[in-house]
Amino acid sequence: MKRTIRNRAGRFLAVAAQAVALALVAAPAAQAQKYPAKPIRMIVPSAPGGGLDIVARNVAQQLGARLGQSVVVDYIAGASQQLGTQAMVRSNPDGYTLLFTASSPITIAENFEPKPTYDARKEIAGLAIVARNPGIFVINSGIKANTMAEFVALAKAQPGVLNFGSPGTGHVFHLITEQFAKQAGINMTHIPYKGSAPAIVALMGGQIQFMVQSAEAVREQIRAGKLRALATLEPTRLERLPDIPTMTEAGQQPINLTIWYGILAPAKTPVDVQETLERELLAMARNPEFTGKLKDMNFVPVAEGRKEFAQRMSNEFEVWPALVKSIGVGTTR
C-alpha cells in the first residue's frame, strides 16, 4: 500500500513537473507573439468620399501588406470629426485601433464648442504623418476675376457682400480662409457646410463665391471650367496641376499652415508597438508606389515619424488658439 501511494505521488509529481515545464516553455512563446497577430481597425472620423478617405484607403492597403494583417477602415463621422477620434481614444491601447485624420479634431477642436470629451494633448500619440493635403483657392467661374489680385480688389470693392464656404466652422479650410482674408484686408461672410461635397456644390451654384478646398476634391470641376483656381497654398506648384500659381506667385502673402494627414493611437499604446507601426508607416510613406499614387491624386507625400509629429502637434497647440483669437471665431482654451 505504501509503495502504491509512493508510486502515485511520484507520478503526480512527474506530471506536475511536466506541466510546469510546458508552461515555462509556452510563456515566452506567448509573450513573443509578434504584433500584429490579428486585423487592425483604422478609424476615419469622416464620411467616405473626401480626401481623407482617399488617402486612408491607400494607407490601409499598403500598411496591411507590410504588416501581414488586414487593416480595416471604419468610418465614424460626426461632431466635427470628434466622434471617431473619441472612439479611438477610448479603445483598448493595444495597437489594434488606430486613427487616420487631419488636424481638425486633434489640435483645432479644443478652440470651439462643443469642446472634445478627450484631451488630445495627453491621450493621443502621433505615429506618422504620411501626406499633406494641398489646399487651393477656388472661385465660382462666373466671378469676374482671373487672378488672386483681381479677386482681392473685387472683394475690397464690396465689403461683406461676397460669401466664402467651408466644410464646417473650425475646419482647417475655414481658418485658413479667415487668415487669408485678414492678411488681404478683405471682409467676406462665412457660410459653413456639413462637409466638402455640399460646399463645392454651393460654390458651383453661386450660393458662395470663394473657398479653400482640397486640390483632389475640385480638380475635375476646374478642368471642366465650373470652378476657377487662383492659387495653391503649397510653397511650390503641384506636379499634376502645374498651371496653378503659388500664393507668392499670385502676389499674396504665403499662409504657412500645413494640412497634414497622419496616423495616431491611444497614448498608452505600448512603446514597442508604436515603434513597429512607426517603422512600417515610414517605410510605406517612402515607397515609390505609395508616393506615386499620392501625387497622381494631387496629395503631397510626407514621411515624418513620432518625434516630428509630436513637435508639429505641440506647435499647433500654440498656433491655432492665437489664430482663432485674432480672427474672432470660436473660444480659446
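The shown structure was predicted, so the numbers you read here are calculated from the model rather than taken from an experiment. (Residues numbered from 1 in each chain as written. Predicted model: local features only at pLDDT ≥ 70, side-chain atom pairs only at ≥ 80, totals over all residues. Heavy atoms only, no water.)

Looking only at helices and strands, one finds 12 helices and 11 strands in the protein chain. Each of the 333 residues in the protein chain was classed as buried or not, and the buried ones make up 51%. Put simply, of all contacts in the protein chain between residues at least 6 apart along the chain, 78% involve residues at least 24 apart. (Helix = DSSP H or I, 4+ residues; strand = E, 2+ residues; numbered from the N terminus. Buried < 20%, exposed > 50% of the residue type's maximum accessible area, 1.4 Å probe, protein only. Contact = heavy atoms within 4.5 Å.)

This part takes up unusual backbone geometry. Tyr35 connects to Pro36 through a cis peptide bond whose omega is 0°. Structurally, Pro36 can be placed in the loop between α1 (2-31) and β1 (40-44). Residue Glu113 is joined to Pro114 through a cis peptide bond whose omega torsion reads -5°. Phi is positive for Gln81, close to 75°, though the residue is something other than glycine. Secondary-structure assignment places Gln81 in the loop between β2 (71-75) and α3 (82-89). Judged by relative accessible area, Gln81 falls into the buried class, the value being 16%. With a phi angle near 65°, Asn298 is a residue other than glycine that sits in the positive phi range. In this structure, Asn298 sits in the loop between α11 (288-296) and β11 (300-304). We classify Asn298 as buried; its relative accessible area is 3%.

Taken in spatial order, the 5 strands line up as β7-β6-β8-β5-β9 in an open sheet, and their pairing is mixed. Only two strands of the sheet have a single partner each, and these edge strands are β7 (189-192) and β9 (227-232). In this sheet, adjacent strand axes meet at a mean angle of 30° when their direction is disregarded. Strands β5 (135-140), β8 (210-214) and β9 of the sheet are contacted by helix α6 (residues 148-157), whose axis makes an angle of about 105° with β9. In this fold helix α8 (residues 196-205) packs onto β5, β6 (163-166), β8 and β9, with an angle of close to 140° to the strand it touches most, β8. (Pairing = 2+ DSSP bridges. Axes fitted to C-alpha atoms, helices over the stretch in contact; angles between N-to-C directions.)

What follows is about the confidence of the model for the protein chain. Confidence along the protein chain averages 89 in pLDDT terms, with 89% of residues attaining 70 or more. Note that pLDDT drops below 50 for residues 19-31; the model gives that stretch 0 contacts with residues more than four away or on any other chain. (pLDDT = per-residue confidence, 0-100.)

The next point concerns α3. The set of residues buried in α3 consists of Gln82, Gly84, Thr85, Met88 and Val89. Buried residues in α3, looked at end-on, bunch into an arc of 165°, giving them a common side. Residues of α3 that are buried make contact with β1, β3 (97-101), α4 (104-108), α5 (120-123), β4 (124-132) and β10 (260-266). (Arc of directions from axis to C-beta.)

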